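Close look at the chain arrangement
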Amino acid sequence: METKEELQEALSTILKWEEEQKGLWLWDRIGRLPFKLLDKMTPIFIQKKISLLLDELGQYIQTGGQYLVNEHQIFKKYTNGTPAYFPTSIHEISNLPLLSMNKVSEEITQNRQTLATVQGATTGFGGIFTLAVDIPVLLGLSLKTLQEIAISYGYDPKDKIERIFIVKCLQFSSADIVGKQAILEELSDYYHRDLHHQEMVSQLQGWREVIYTYRDQFGWKKLFQLVPVAGMIFGAFINRSMIQDISEIGRMLYQKRRITERLQVQPG
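A quick note: this is a predicted structure, and the numbers were derived from the prediction, not measured. (Residues numbered from 1 in each chain as written. Predicted model: local features only at pLDDT ≥ 70, side-chain atom pairs only at ≥ 80, totals over all residues. Heavy atoms only, no water.)

With that settled, the discussion passes to the overall build of the protein chain. Assigned secondary structure in the protein chain consists of 14 helices and zero strands. For the protein chain, buried positions account for 50% of its 268 residues. Within the protein chain, contacts between residues at least 6 apart in sequence are counted, and of these 82% link residues at least 24 apart. Summing over all exposed atoms, the protein chain offers an accessible surface of approximately 13,300 Å²; the carbon and sulfur share of this is 59%. (Helix = DSSP H or I, 4+ residues; strand = E, 2+ residues; numbered from the N terminus. Buried < 20%, exposed > 50% of the residue type's maximum accessible area, 1.4 Å probe, protein only. Contact = heavy atoms within 4.5 Å. Areas by Shrake-Rupley, 256 points an atom, 1.4 Å probe, with all protein chains shown as cover.)

Set out below in structure tokens:
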């Protein structure tokens, strides 16, 4: 297991990363506007389809829904071909070295990036009609990716507390400078295990706002995908980069939790 000095060094790297995330370029702000136009252009039947898929995402946040992953597939990534090291529970993973956790979470990121690339190319082929479906599907992939990263650091996504944490990761990825700082302050409760049930329920009830904010953050980047056929190239690149971003956020914030918890039990 890591020494106190090693944990503190890893934590300082994450804190530096957090500072770098607080900037918001002007084009990011402007980039959220085109979806107001896109909503007006989108046929009613497609809007209903988007609403249905978003409701399914909300079902996950409320009850776990259909997006829970097979945790045993994550367990297998820790074996490295040696069955003796095969964990049988998420709790066992929580006691593994941080280096192993980081390695598995990076492998998960690579796998999901590849899937997002194929998905983006496929949905980019048909312009606005397939783009309308691509948005909630990409949200679902983001949720699954964050669940897998949660497991890789020894946290159970079936737990309501972890589902809220995943929502916070989505919020962080689409927030402005002030919003990112506020989210980091809220997450400090997780690091100190000072969670209150009433606050949890309140945060879960705001899931729709989080989902729509995350969707709007796609902005003009996704508009390039509206061009039929050529949208394949843009879709593949954009979806891959977005899953890369959300994976980085998940790895950093979950790693910070694990490091903080271990420092709390370190002597001295």
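The next thing to look at is the packing of aromatic side chains. As enumerated under the stated definition, the model contains three aromatic pairs in all. Relative to Tyr254, the ring of Phe165 has its centre 4.5 Å away and its plane inclined at 50°; by these criteria the two rings are tilted. Here Phe165, found in helix α9 (residues 160-174), pairs with Tyr254, found in helix α14 (residues 231-265); they are 89 residues apart in sequence, far enough to count as distant. A connected cluster of aromatic rings, assembled from ring pairs, spans Tyr155, Phe165 and Tyr254. Sitting over the face of the ring of Tyr155, Arg257 holds its NZ or CZ atom 4.1 Å from the ring centroid. Over the ring of Phe165 we find Arg257; its NZ or CZ atom is 4.6 Å from the centre of that ring. (Phe/Tyr/Trp six-rings, centres within 6.5 Å; stacked < 30°, edge-to-face > 60°. Lys NZ or Arg CZ within 6 Å of the ring centre and 35° of its normal.)

Turning to its location among the elements, Gly140 is positioned in helix α8 (residues 128-152). When its relative accessible area of 5% is taken as the criterion, Gly140 is described as buried. Remark: the alpha-carbon pair of Gly140 and Tyr60, spanning 80 residues in sequence, is separated by 9.6 Å.

Scanning the entire structure with this criterion turns up eight salt bridges. Measuring nitrogen to oxygen at the nearest pair gives 2.8 Å for the salt bridge that ties Arg262 to Glu2. With Arg262 in helix α14 and Glu2 in the segment before α1 (4-20), this pair connects stretches of sequence that are 260 residues apart. Overall, Arg262 belongs to the buried group, its relative accessible area being 9%. (Salt bridge = Lys/Arg side-chain N within 4 Å of Asp/Glu carboxyl O.)

Here we come to the packing of α9 against α14. Two numbers describe how α9 lies on α14: the axes approach to 10 Å, and their chain directions differ by 130°. Overall, the two elements α9 and α14 adopt an arrangement that is oblique. By crossing handedness, the relation of α9 to α14 is classed as right-handed. On the side of α9, the interface is formed by Glu162, Phe165, Ile166, Cys169, Leu170, Phe172 and Ser173, while α14 contributes Ile246, Ile249, Gly250, Leu253, Tyr254 and Arg257. Residue classes in the contact of α9 with α14 are distributed as nine nonpolar, two polar and two charged. (Axes fitted to C-alpha atoms, helices over the stretch in contact; angles between N-to-C directions. Parallel < 35°, antiparallel > 145°, perpendicular 65-115°, else oblique. Left-handed = near helix turned anticlockwise from the far one by under 90°. Nonpolar A, V, L, I, M, F, W, Y, C, P; charged D, E, K, R; others polar.)

Note that Gln73 resides in helix α5 (residues 71-76). Spatially, the C-alpha atom of Gln73 lies 9.3 Å from that of Glu148, the residues being 75 residues apart in sequence.

What follows concerns α9. When the terminal C-alpha atoms of α9 are compared, their 22 Å separation across 15 residues agrees well with the 21 Å that a helix rising 1.5 Å per residue should span. The buried count for α9 comes to twelve of 15 residues, which makes it a mostly enclosed element. Along α9, the residues that are buried comprise Glu162, Arg163, Ile164, Phe165, Ile166, Val167, Lys168, Cys169, Leu170, Phe172, Ser173 and Ser174. (Expected span 1.5 Å × (residues − 1).)

Geometric values such as these leave the question of function open.
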